[in-house]
Amino acid sequence: MIHAKETIENQNANHSKAFIRNDQYNFIKDQTKVLLTAQTSTNDVEVLSVLRHLAYEKVQNLFPVLTEEQKKILHPLVQIKELSEAERFLEQLQPYLIPFKSVTDQDLKKLFPKAKKLKGPNVEIINFHKTSYLGWTESSNLRYLVVELNDQLIGLQGSFTRSQKQGICRVCNRHSEVGLFVAKTKNSGNEQFIKRGNYVCQDAKVCNDNIKTLDLLAEFMCQF
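Residues numbered from 1 in each chain as written. Predicted model: local features only at pLDDT ≥ 70, side-chain atom pairs only at ≥ 80, totals over all residues. Heavy atoms only, no water.

### Topic: unusual backbone geometry
Working step 1: Within the chain, Asn150 stands out as a residue other than glycine whose phi angle is a positive 55°.
Working step 2: With respect to the helices and strands, the residue Asn150 is situated in the loop between β2 (142-149) and β3 (152-168).
Working step 3: By relative accessible area, which is 76% here, Asn150 ends up exposed.
Working step 4: In this structure, Asp151 is a non-glycine residue whose phi angle is positive, near 65°.
Working step 5: Looking at the secondary structure, you find Asp151 in the loop between β2 and β3. (Helix = DSSP H or I, 4+ residues; strand = E, 2+ residues; numbered from the N terminus. Buried < 20%, exposed > 50% of the residue type's maximum accessible area, 1.4 Å probe, protein only.)

Given below as structure tokens:
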């Protein structure tokens, strides 16, 4: 059962300075990999400099507004040449990650009023700072999703059938072990229900580690 509590990280002073979502952090991490790969494939100093500044520009574009302090926090990206520098840079971003919105037992009851024996996700194994959505399976084939859209928590329940083959996840757009998520939704213009489905990662943690934009997650939720 999920418990209403906050971690020490949520309570510390850095929480008020947090400005990086999980998907944005994953994008930044991906850019460090791009730079490290480039470092091993070319010795052209000018080309490498251009790639670093292009990566920094892409990262800046993730944020509608950045303060001068936030720009300084992100700027070490342009200096990355070695794996140790990339790891140190990503570690220094940790205090600025925005955790997923706190979810209580009462919240879950409101989101899933028909689920009488809902257990909820195992919060002990979830890093909420590395979470873009909550996803868990109960009764072997019932998948629950909790997503924050427009500052509100949205719950979605459906059946989940694991696939024997790997595929592209509709949420993170990465190749992984997937399953077919199917949920009922009202047909437009009448009271009839229809089933809609799509393939998503079997492991929500893997999916959250792969998400580099919230656009696909929003599109996935809006189809139901």
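### Here we look at the domain arrangement of the chain
Working step 1: Taken as a whole, the chain is organised into domain 1 (22-96) and domain 2 (105-222).
Working step 2: The distance between the C-alpha centroids of domain 1 and domain 2 comes to 30 Å.
Working step 3: Of the residues lining the interface, eight residues belong to domain 1; the matching set on domain 2 comes to 11 residues.
Working step 4: Where domain 1 abuts domain 2, roughly 720 Å² becomes buried across the two surfaces, and 47% of that area is made up of carbon and sulfur atoms.
Working step 5: For domain 1, the biggest contributors to the area lost against domain 2 are Asn22, Asp23 and Asn26; these three give 65% of the whole.
Working step 6: At the surface where domain 1 touches domain 2, the tally comes to zero salt bridges.
Working step 7: In terms of residue class, the side of domain 1 that touches domain 2 is built from two nonpolar, three polar and three charged. (Domains from an automatic or database assignment. Contact = heavy atoms within 4.5 Å. Buried area = accessible area lost by both parts, 1.4 Å probe. Salt bridge = Lys/Arg side-chain N within 4 Å of Asp/Glu carboxyl O. Nonpolar A, V, L, I, M, F, W, Y, C, P; charged D, E, K, R; others polar.)

### Some remarks on the pattern of salt bridges
Working step 1: According to the stated counting rule, one finds four salt bridges in the structure shown.
Working step 2: Linking Arg21 and Asp23 is a salt bridge whose minimum nitrogen-to-oxygen distance equals 2.9 Å.
Working step 3: Ionic pairing is found between Glu68 and Lys71, a salt bridge with its closest N-O pair at 3.6 Å. Placement of the pair is Glu68 and Lys71 together in helix α4 (residues 68-74), with a separation of three residues, close to one helical turn.
Working step 4: Glu68 gets classed as exposed once you look at its relative accessible area, which sits at 53%.
Working step 5: Residue Lys71 is classed as partly exposed on the basis of its relative accessible area of 28%.

### A closer look at the nonpolar core
What tends to happen in soluble globular proteins is that the nonpolar side chains get buried as a cluster.
Working step 1: Within the largest apolar cluster, 23 residues are counted, with the highest numbers of intra-cluster contacts made by Phe19, Ile20, Ile28, Leu74, Leu77 and Leu93.
Working step 2: Those elements that place two or more of their residues in this core are α2 (22-41), α3 (45-60), α4 and α5 (83-93).
Working step 3: Considering every element that reaches this core, the biggest residue donor is α2, with five residues.
Working step 4: Residues contacting Leu77, with those up to four places away along its chain left out, are Thr32, Leu35, Ala55, Tyr56, Val59 and Phe89. (Core = buried A, V, L, I, M, F, W, Y, C linked by side-chain atoms within 4.5 Å.)

### Concerning the confidence of the model for the chain
Working step 1: Looking at the chain as a whole, the pLDDT averages 90, with 91% of positions reaching at least 70.
Working step 2: Taken as a whole, residues 1-14 scores under 50 in pLDDT and shows 23 contacts with residues more than four places along the chain or in a different chain. (pLDDT = per-residue confidence, 0-100.)

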